[in-house]
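Structural characterization, general
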Amino acid sequence: MSTHATARVAAPTRREQILREAARLFAERGFHGVGVDEIGAAVGISGPGLYRHFPGKDAMLAELLVGISERLLDGGRMRVSQDAVAGDGSPESLLDALIEGHIDFALDDRPLITLHDRELDRLREADRKRVRQLQRQYVEVWVEAVRALYPRLAEDEARMTVHAVFGLLNSTPHLTGALPERDATAALLHRLARGAFTAAAS
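Report on the accompanying structure. A quick note: this is a predicted structure, and the numbers were derived from the prediction, not measured. (Residues numbered from 1 in each chain as written. Predicted model: local features only at pLDDT ≥ 70, side-chain atom pairs only at ≥ 80, totals over all residues. Heavy atoms only, no water.)

The helix and strand tally for the chain stands at eight helices and zero strands. The helix and strand sequence of the chain, counted from the amino end, reads α-α-α-α-α-α-α-α. Across its three principal directions, the C-alpha atoms of the chain cover 55 × 50 × 35 Å. Looking at the chain as a whole, 39% of its 202 residues are labelled buried. Long-range pairs, those at least 24 residues apart, make up 69% of the contacts in the chain between residues at least 6 apart in sequence. When the accessible surface of the chain is split by element, carbon and sulfur atoms take 53% of a total near 11600 Å². When the 26 basic and 29 acidic side-chain charges of the chain are each reduced to a single mean position, those positions are 4 Å apart. (Helix = DSSP H or I, 4+ residues; strand = E, 2+ residues; numbered from the N terminus. Buried < 20%, exposed > 50% of the residue type's maximum accessible area, 1.4 Å probe, protein only. Contact = heavy atoms within 4.5 Å. Areas by Shrake-Rupley, 256 points an atom, 1.4 Å probe, with all protein chains shown as cover. Lys, Arg positive; Asp, Glu negative; His and termini not counted. Charge placed at Lys NZ, Arg CZ, Asp CG, Glu CD.)

Quick look at the packing of aromatic side chains now. Under the defined criterion, the tally for this structure stands at five aromatic pairs. Relative to Phe 166, the ring of Tyr 138 has its centre 5.3 Å away and its plane inclined at 10°; by these criteria the two rings are stacked. Separated by 28 residues along the polypeptide, Tyr 138 in helix H6 (residues 125-149) and Phe 166 in helix H7 (residues 155-169) bring together distant segments of the chain. Taking the relative accessible area as the measure of exposure, Tyr 138 reaches 6% and is therefore buried. Among the aromatic side chains, those forming a connected cluster through ring pairs are Tyr 138, Trp 142, Phe 166 and Phe 197. In this structure, Lys 57 is placed above the aromatic ring of Phe 31, and the distance from its NZ or CZ to the ring centre is 4.4 Å. (Phe/Tyr/Trp six-rings, centres within 6.5 Å; stacked < 30°, edge-to-face > 60°. Lys NZ or Arg CZ within 6 Å of the ring centre and 35° of its normal.)

We now examine the pattern of salt bridges. On inspection of all chains with the given rule, the structure shows 16 salt bridges. The residue Asp 109 makes a salt bridge to Arg 71 at a minimum N-O spacing of 3.0 Å. With Asp 109 in the loop between helix H4 (91-108) and helix H5 (110-119) and Arg 71 in helix H3 (residues 57-86), this pair connects stretches of sequence that are 38 residues apart. Between Arg 194 and Glu 92 there is a salt bridge, with its nearest N and O atoms 3.2 Å apart. Residue Arg 194 is found in helix H8 (residues 182-201), and its partner Glu 92 is found in helix H4; the two are separated by 102 residues along the sequence. Residue Glu 92 is classed as partly exposed on the basis of its relative accessible area, which comes to 39%. Salt bridges sharing common partners tie together Arg 20, Glu 21, Arg 24 and Glu 28. (Salt bridge = Lys/Arg side-chain N within 4 Å of Asp/Glu carboxyl O.)

Here the focus is the nonpolar core. Residues Phe 26, Ile 39, Met 60, Trp 142 and Phe 197 are the most contacted members of the largest nonpolar core, which totals 56 residues. Those elements that provide at least two residues to this core are helix H1 (14-29), helix H2 (36-43), H3, H4, H5, H6, H7 and H8. (Core = buried A, V, L, I, M, F, W, Y, C linked by side-chain atoms within 4.5 Å.)

Right, let's get into the packing of H4 against H8. The geometry of H4 relative to H8 is characterised by a closest axis approach of 10 Å and an angle of 130° between their N-to-C directions. Between H4 and H8, the angle is such that the two are oblique. When the axes of H4 and H8 are compared, the crossing they make is right-handed. Of the residues in H8, those in contact with Glu 92, Leu 95, Asp 96, Ile 99, Glu 100, Ile 103, Asp 104, Leu 107 and Asp 108 of H4 are Arg 182, Thr 185, Ala 186, Leu 189, His 190, Ala 193, Arg 194 and Phe 197. Across the contact of H4 with H8, the residue classes break down as eight nonpolar, two polar and seven charged. (Axes fitted to C-alpha atoms, helices over the stretch in contact; angles between N-to-C directions. Parallel < 35°, antiparallel > 145°, perpendicular 65-115°, else oblique. Left-handed = near helix turned anticlockwise from the far one by under 90°. Nonpolar A, V, L, I, M, F, W, Y, C, P; charged D, E, K, R; others polar.)

Structurally, the position occupied by Glu 119 is in helix H5. Judged by its relative accessible area of 3%, Glu 119 is buried. Separated by 93 residues in the primary sequence, Glu 119 and Phe 26 have C-alpha atoms spaced 8.9 Å apart. In contact with Glu 119, not counting residues within four places along its chain, are Gly 30, Phe 31, Leu 61 and Leu 65. Within the structure, the side chain of Glu 119 is placed 3.0 Å from the backbone nitrogen of Phe 31, a separation counted as a polar contact. (Polar contact = N/O pair within 3.5 Å; in protein donor to acceptor, adjacent residues only side chain to side chain.)

Structural data, given as structure tokens:
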């Protein structure tokens, strides 16, 4: 292999394109306000052509909401593992890494936050339970990290603060107008999150 080869980001699959456009349209107009034909048009295929990838809109919504919950949990666990493997990590660096990962979600997947807020109850009971289970596990990853940095913070207080920080970070879809420059927004959100944990532990 040439040493000059450059890494390339894989192009999204057609399935990923469909999910991305479905998330955008569902967030803009609501689940029932969007037809299969419109989703198909957004990715350049006929509405009926979508059924080669998904049995219907319900399946798209389930994959979006279950999928992002899985990604968040996997990402949190990955950061914990990386911190453990590094050996020289600190509770502070782990919490910073968790915050950074969630900020990436809050800034890059804003339609999914809107979908979760508005459409979670439309999922089948089994899918809704799966989302809730994944979310609880994700919270506990954070609770453990927070208490490692602030050991005097009671477990229930740490859990309450984690939920509050998620609410803060997940507020990005509700901000009116365009967000400030991304790095500046991420830095501000990070300071606010760390400030919340510091206040809770004081």
